[in-house]
Amino acid sequence: MNRYQYGFTLVELSIVLIIMALLVGGVLKAQAIIENAQIRSDIGKLNDFQMISLLYVDKLSKLPGEDDSHPGRLKTVLSSDSAPSEGYFYDVYQAGFSSTLQPIPAIGAAFKATWGGSSGANYGLIAGANQLCITEIDVNLASAIEVQLDEGSRSSGDVEYTLNGSQLCMRL
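Residues numbered from 1 in each chain as written. Predicted model: local features only at pLDDT ≥ 70, side-chain atom pairs only at ≥ 80, totals over all residues. Heavy atoms only, no water.

Here's the deal with helix α1 (residues 10-60)
What counts is decided by this rule: Each helix is a run of DSSP H or I of at least 4 residues and each strand a run of E of at least 2, with the numbering of both proceeding from the N terminus. The span one expects for a helix is its residue count, reduced by one, times 1.5 Å.
Between its terminal C-alpha atoms α1 stretches 74 Å, which fits the 75 Å expected from 51 residues at 1.5 Å a residue. Ser61 occupies a position one or two residues after α1 and carries a positive phi of about 60 degrees.

Encoded structure:
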């Protein structure tokens, strides 16, 4: 009597499921590693810009990207602006403090140098302070950066971010 076997045994199916679980786990772990590297990269860039600002003031006795009509305040400018001819990123590049004219964050759309005045898209979050922001940033990533750089509150201290992901700002 011939006996035909159709389909897979439970052992074969179990092995396939275990292999799939290992692959999914590896992919998720790789994504977490990449995300952490991006966070560390942007934290480094924010810290570098903070140091660059201090060195620029020390060397040239004025703020990089200072608004001529409002001394002591940064003129709002995005690092993604095409062909910049003024502003924070242009000034630090021209002074030799940055190797790129248009730095781009690893997470988010662009860096923004600005003064924290009134609310609105053209201003920063920290009232009455010059600041560097990352625009269009994921809220969870903004929270991770804020926790590492500040006291853990999204709306106070030297680093603040919005709950809608529009920006994370750090006091310069």
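Some details on a nonpolar patch on the surface
As a reminder, the rule being used: Only residues whose relative accessible area exceeds 30% and that form no salt bridge are eligible for patches; like-charged ones are grouped when within 9 Å, while nonpolar side chains (Val, Leu, Ile, Met, Phe, Trp, Tyr) are grouped when within 5 Å. Where accessible areas are quoted, they stem from the Shrake-Rupley method and a 1.4 Å probe; at the residue level, only the protein chains shown are allowed to cover. For salt bridges, the criterion is a side-chain nitrogen of Lys or Arg within 4 Å of an Asp or Glu carboxyl oxygen. Relative accessibility thresholds used throughout: buried, under 20% of the residue-type maximum; exposed, over 50%; partly exposed, between the two (1.4 Å probe, protein chains only).
Taken together, the side chains of Val11, Ile15, Ile19 and Leu23 make up a nonpolar region of the molecular surface, amounting to roughly 400 Å² of accessible area. Tracing the backbone through its elements, the reader meets Ile15 in helix α1. We classify Ile15 as partly exposed; its relative accessible area is 47%.

Details of the side chain of Asn130
Note the following rule: The definition of a polar contact used here is a pair of N or O atoms within 3.5 Å, where within protein one atom must be able to donate a hydrogen and the other to accept one, and adjacent residues in sequence count solely through side-chain atom pairs. Whether two residues are in contact is decided by their heavy atoms: any pair within 4.5 Å suffices.
Among the secondary structure elements, Asn130 is positioned in strand β3 (residues 130-135). In this structure the side chain of Asn130 is engaged in a polar contact, spanning 2.9 Å, whose partner is the backbone oxygen of Gly72. Setting aside chain neighbours within four positions, we find Asn130 in contact with Leu63, Gly72, Arg73, Leu74, Thr114, Trp115, Met170, Arg171 and Leu172.

Examining the sheet that holds strand β1 (residues 77-78)
Definition in use: At least two bridges found by DSSP between two strands is the condition for calling them paired. Axes, fitted as lines to C-alpha atoms, cover a helix only where it is in contact. Angles between the N-to-C directions of the axes lie from 0 to 180 degrees.
If you walk across this open sheet you meet the five strands as β1-β2-β3-β5-β4, and the pairing is antiparallel. The open sheet has two free edges, formed respectively by β1 and β4 (159-161), since each of these has just one partner strand. By the bridge criterion, six bridges tie strand β2 (residues 110-115) to β3 in an arrangement that is antiparallel. Among the inter-strand pairings, Phe111 is bridged to a residue of β3, identified as Ile134. The sheet strands contacting α1 are β2, β3 and β5 (167-171), and the helix crosses β5 at an angle near 40 degrees. Contacting β3, β4 and β5, helix α3 (residues 139-149) runs over the sheet at an angle of about 165 degrees to β4.

A look at the packing of aromatic side chains
The following threshold applies: Only Phe, Tyr and Trp rings are paired, with Trp represented by its six-membered ring, and only when their centres lie within 6.5 Å; those with planes under 30 degrees apart are stacked, over 60 edge-to-face, the remainder tilted.
With the rule as written, the count across this model stands at five aromatic pairs. Measuring from centroid to centroid gives 5.7 Å for Phe49 and Phe89, while their planes differ by 80 degrees, and the two rings are edge-to-face. Of this pair, Phe49 sits in helix α1 while Phe89 sits in helix α2 (residues 88-94), and the two are 40 residues apart along the sequence. Look at Phe89 and you get buried, because its relative accessible area is 2%. Through pairs of rings, three or more aromatic residues link up here, namely Phe49, Tyr88, Phe89 and Phe111.

Let's talk about the pairing of β3
Side-chain direction in a regular strand flips from residue to residue, so the side chains alternate between the two faces of the sheet. Burial of β3 is extensive: six of the six residues sit out of reach of the surface. Residues of β3 alternate between two faces, with Asn130, Leu132 and Ile134 on one and Gln131, Cys133 and Thr135 on the opposite face, all of them buried. As paired strands, β3 and β5 are joined by five bridges and run antiparallel to one another. Opposite Cys133, over in β5, you have Cys169 as the bridge partner.

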